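# Observations on the model geometry
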Amino acid sequence: MTLAIVRVPVLTDNYAWLIHDPVSGETVAVDPGEAAPVQAAAAERGWTIDQVWTTHWHPDHIGGNAALQAAGARITGPAAEAAKIPTLDSTVGEGDTVRIGTEVAHVWHVPGHTAGHIAFHLAGAEAIFTGDTLFALGCGRLFEGTPAEMFANMQRYATLPDTTQVYCGHEYTQSNGRFALTVEPDNAALATRMTAVDAARAAGEATVPTTIALERATNPFLRATDAGEFAKLRESKDNFRG
């Protein structure tokens, strides 16, 4: 049976994610910035949160860890950031795996936003949880890394199958898209996408998950051809007001 993946809005513009395996009954919470909404979403479905997968140390991604741990969940996160995530029960890095039921998630080290940031790739479910690295129509700010590191991440994400669903950590699509249109004003696929994004946001609807195919066609950071171009894009986006 297919994994069920549920988006849970938390804090201001964050998304936590619930992954549920109907065969084993296991449920994972990814990046629960606060516990209550995630617990409520699980309870509505009759699920119990058994694990938490943490992509990086920022408080808006780990704020719910302690409460979920106290309720019985086991917390897994990046070994390189263990000193900044006191709730961790186990640590992982590049090449390691975690499981939900029989489904295996491969851990990727994707530095740049933070030095130890990781992503969780569930190849069998065609899903990747990218935290604050790859966003719909954008990428994360470089707080602890270099443009070359984040460019390498984008290149790696771009190798995934077109149908891979991308589950990121924030609802930033509309602002990202406004910037993307300044980079590629003649990109018809981008213009079409932004019409849909604007309509969704006007209706109060979410715009993620996205897909690798859609990002490859419309995301300027995934479409950058080298680290120099990427660096210029990132600097421009950091200064963009729109």
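One structure accompanies this document, and this report is about it. (Residues numbered from 1 in each chain as written. Predicted model: local features only at pLDDT ≥ 70, side-chain atom pairs only at ≥ 80, totals over all residues. Heavy atoms only, no water.)

## As for the pattern of salt bridges
Worth spelling out the cut-off: What counts as a salt bridge is simple: a side-chain nitrogen of Lys or Arg found within 4 Å of a carboxyl oxygen of Asp or Glu. Secondary structure elements are defined from DSSP: runs of H or I of at least 4 residues count as helices, runs of E of at least 2 residues count as strands, and each element is numbered from the N terminus. Only protein chains enter the calculation, and the probe is 1.4 Å; a residue is then buried if its accessible area is under 20% of its type maximum, exposed if over 50%, and partly exposed in between.
Under the criterion given, the structure shown has eight salt bridges. With a shortest N-O distance of 2.2 Å, Asp 162 and Arg 216 are connected by a salt bridge. Of this pair, Asp 162 sits in the loop between α4 (147-158) and β13 (165-168) while Arg 216 is found in helix α7 (residues 212-218), placing the two residues 54 residues apart along the sequence. According to the relative accessible area criterion, Arg 216 is partly exposed, its value standing at 29%. The partner of Asp 238 in a salt bridge is Arg 234, and the shortest N-O contact between them spans 2.7 Å. Of this pair, Asp 238 and Arg 234 both sit in helix α9 (residues 227-238), separated by four residues, roughly a single helical turn. Owing to a relative accessible area of 24%, Asp 238 belongs among the partly exposed residues under this scheme.

## Details of helix α5 (residues 173-183)
Basically, it comes down to this: Contacts were defined at the residue level, with two residues in contact if any of their heavy atoms lie within 4.5 Å.
Within α5, burial applies to Thr 173, Gln 174, Asn 176, Gly 177, Phe 179 and Ala 180. For α5, the elements touching its buried residues are β11 (134-135), β12 (138-139), α6 (188-202), α7, α8 (220-223) and α9.

## Focus on the nonpolar core
For soluble globular proteins, the rule of thumb is that nonpolar side chains tend to be buried together. Spelled out, the test is: Here the nonpolar core consists of buried residues drawn from Ala, Val, Leu, Ile, Met, Phe, Trp, Tyr and Cys, with membership extended through side-chain atoms lying within 4.5 Å.
Within the largest apolar cluster, 22 residues are counted, with the highest numbers of intra-cluster contacts made by Ile 19, Trp 53, Phe 120, Leu 122 and Phe 129. Looking at this core, the elements that each hand over two or more residues are β2 (14-20), β3 (27-30), β7 (97-100), β8 (103-109), β9 (118-122), β10 (127-131) and β13. With residues up to four places along the chain from it excluded, the contact list for Leu 122 reads Leu 3, Ile 19, Trp 53, Ile 100, Glu 103, Val 104, Ala 105, Ala 127 and Phe 129.

## Description of the sheet that holds β3
Whenever strands of a sheet pair, they do so through backbone hydrogen bonds, lying parallel or antiparallel. To be explicit about the condition: What makes two strands pair is DSSP finding at least two bridges between them. Axis angles are defined between N-to-C directions and span 0 to 180 degrees, where every axis is a line fitted to C-alpha atoms and, for a helix, only to the segment in contact.
Strand order in the open sheet formed by six strands is β1-β2-β3-β4-β5-β6, and the pairing between neighbours is mixed. In this open sheet, the two strands that pair with only one neighbour each are β1 (4-10) and β6 (90-92). Direction aside, the axes of adjacent strands within the sheet are offset by 25° on average. Relative to β2, β1 runs antiparallel, the two sharing seven bridges. Across the sheet, the residue bridging to Arg 7 is Trp 17, located in β2. Along the sheet, helix α1 (residues 35-44) makes contact with β1, β2 and β3, crossing β1 at roughly 145°.

## Quick look at the layout of surface pockets
If a probe the size of a water molecule is rolled over the atoms, the empty space left behind becomes visible. Rules: Here a cavity means grid points, on a 1 Å grid over the protein atoms only, where a 1.4 Å probe fits yet cannot get out; a pocket means an open set of points with protein on both sides within 12 Å along at least five of seven lines; lining residues are those with an atom within 4 Å of a point. Grid points are joined across faces, edges and corners, and a volume is the space filled by probe spheres set on the points.
Reported here for the largest pocket is a volume of approximately 290 Å³. Looking at the lining of the largest pocket, the elements that each hand over two or more residues are α5 and α9.

## Looking at the side chain of Arg 193
Quick reminder of the rule: The term polar contact refers here to a pair of N or O atoms within 3.5 Å; inside protein, the definition further demands a hydrogen-donor-capable atom paired with an acceptor-capable atom, and it admits residues adjacent in sequence only when both atoms are side-chain atoms.
Structurally, Arg 193 can be placed in helix α6. In terms of polar contacts, Arg 193 uses its side chain to reach the side chain of Thr 210, at 3.2 Å.

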